[in-house]
Amino acid sequence: MMKTSLVEGRANYSLTIGEDTVDMNSLIGSPIKLTFAGHIACSNCGNRTSKSFSQGYCFPCARSLARCDMCIMRPETCHYHLGTCREPEWGLSNCFSPHIVYLANSSGPKVGITRASNMPGRWIDQGAISALPILKVNSRIDSGKIESALKPFIADKTNWRKMLKNEVELVDLLAIRNDLLMKIPGLIEQLEAQHLDDETLNINYPVLKYPSKIVSLNLDKTPVVSGVLDGIKGQYLLLDSGVLNLRKFSSYHVELSV
Ligand SMILES: [Zn+2]
């Protein structure tokens, strides 16, 4: 995955390849080539694996790490209280820390949750053009309960094709927040969720040209991918030959030539 930062409202991307860190924004408009020689190293234990599980892990790690458990995808199913957390210490420090419920506009308005320390990176990873934190709670499970309660009223997924084509209408996240909060006053009180009074954050992406048709590139099928880098949005490289989701190929050892 690319590391991200937000500088004056613009997403900045860098990619660590071996010992080098490449400023990806500076490559936009230039031809690049990514070569995958078949080497995947688990991002936890470093062992070589022929296939990547849970976006970057070997099979044993994907089976044993709490971060690869289903409850990470569906936080309301946290089972720490049952004593069945795969890694109770990890769970305690990661899932029982402040979590934020936010609204974002990635392909349309959606609700999501993140650790407080993951803002604004989480929104950049999703390709959101705007985001608004709305509630703060003390655990991942509580943020998941709020997210689930809001699902009947708002999407919780991104349509990545629309996001990449930039077919995204501008929406008023503050108005949506005010409307949504009125749907779940009891749960907010019960969980002692703290109302946040942030302003909407707008995010620009370094893109010269959005694709009109989405062609997905896959390093498993095509180990050499090349083209002019038209832009970057979310964790996707937008090449004139297709789009490459770098999140999907975390832990793949690739060579980048420019
Ligand atoms: Zn491993």
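Our structure is the block above this text.
What you see is a predicted model; the values in this text were computed from it and never measured.

Parameters at a glance
Numbering of residues starts from 1 in every chain and runs along the sequence as written. In keeping with the model being predicted, local features are shown solely for residues with a pLDDT of at least 70 and side-chain atom pairs are shown and tallied solely at 80 or more, while totals for entire chains, interfaces and linings include all residues. Heavy atoms from the whole structure form the basis of all side-chain values; hydrogens and water molecules are not counted. The secondary structure listing takes helices from DSSP runs of H or I that are at least 4 residues long and strands from runs of E that are at least 2 residues long, numbered from the N terminus. Here the term buried applies to any residue with accessible area under 20% of the maximum for its type, exposed to any over 50%, and partly exposed to those in between, with areas from a 1.4 Å probe on protein chains only. Note on contacts: a residue pair is in contact if any heavy atoms of the two residues lie within 4.5 Å. Method for areas: the Shrake-Rupley scheme with a 1.4 Å probe, in which residue coverage is limited to the protein chains shown. Here the positive residues are Lys and Arg and the negative ones are Asp and Glu; neither His nor the chain ends is included. Each charge is placed at NZ for Lys, CZ for Arg, CG for Asp and CD for Glu. Only strands joined by at least two bridges in the DSSP assignment are considered to pair. Each axis is a line fitted through C-alpha atoms, taken for helices only over the stretch in contact, and angles between the N-to-C directions span 0 to 180 degrees. Listed donor atoms are N, O and S within 2.8 Å of the metal (Na, K and Ca: 3.2 Å). As water is not included, a site may look incomplete.

Draft legend 1. Examining the overall build of the chain more closely. Of the regular secondary structure elements, the chain holds 8 helices and 13 strands. Put simply, the chain has 258 residues, and 47% of those count as buried. Partitioning the intrachain contacts of the chain with sequence separation of at least 6 by distance along the chain shows that 66% fall at a separation of at least 24. As presented, the chain carries roughly 13300 Å² of accessible surface, and 50% of it is formed by carbon and sulfur atoms. Each charge class in the chain can be summarised by its mean position, and for the 28 positive and 25 negative side chains these summaries are 8 Å apart.

Draft legend 2. Region of interest: the environment of Thr114. Following the sequence through the fold, Thr114 ends up in strand S6 (residues 109-115). Spatially, the C-alpha atoms of Thr114 and His99 are 5.6 Å apart, while their sequence positions differ by 15 residues. For Thr114, the contacting residues outside a window of four places in its chain are His99, Ile100, Tyr102, Met119 and Arg122.

Draft legend 3. Local environment of the sheet that holds strand S10 (residues 224-233). Strand order in this open sheet of 5 strands is S12-S11-S10-S4-S13, and the pairing throughout is antiparallel. In this open sheet, the two strands that pair with only one neighbour each are strand S12 (242-245) and strand S13 (252-257). On average, adjacent strands in this sheet sit at an angle of 45 degrees to one another, irrespective of strand direction. Pairing of S10 with strand S11 (residues 236-239), which is carried by 4 bridges, proceeds in the antiparallel orientation.

Draft legend 4. Quick peek at the sheet that holds strand S2 (residues 10-17). Taken in spatial order, the 3 strands line up as S1-S2-S3 in an open sheet, and their pairing is antiparallel. Because the sheet does not close on itself, it has two edges, and the strands there are strand S1 (3-7) and strand S3 (20-23). On average, each strand axis in the sheet is tilted by 30 degrees relative to the strand beside it, whichever way the strands run. As defined by bridge partners, S1 adjoins S2 across 5 bridges and the pair is classed as antiparallel. Within the sheet, the bridge partner assigned to Lys3 lies in S2 and is Ser14.

Draft legend 5. Structural detail: the coordination of the zinc ion. Every protein donor of the zinc ion is accounted for by Cys42 (SG), Cys45 (SG), Cys58 (SG) and Cys61 (SG), and the metal-donor separations fall at 2.3 to 2.4 Å. Every donor residue of the zinc ion comes from the same chain, spaced as C-x2-C-x12-C-x2-C. Of the two residues, Cys42 is situated in the loop between strand S4 (31-40) and helix H1 (59-64) and Cys61 in helix H1; the sequence distance between them amounts to 19 residues. For the pair formed by Cys42 and Cys61, the shared burial category is buried.

Draft legend 6. Layout of the environment of Gly29. Within the element layout of this structure, Gly29 appears in the loop between S3 and S4. Taking the relative accessible area as the measure of exposure, Gly29 reaches 41% and is therefore partly exposed.

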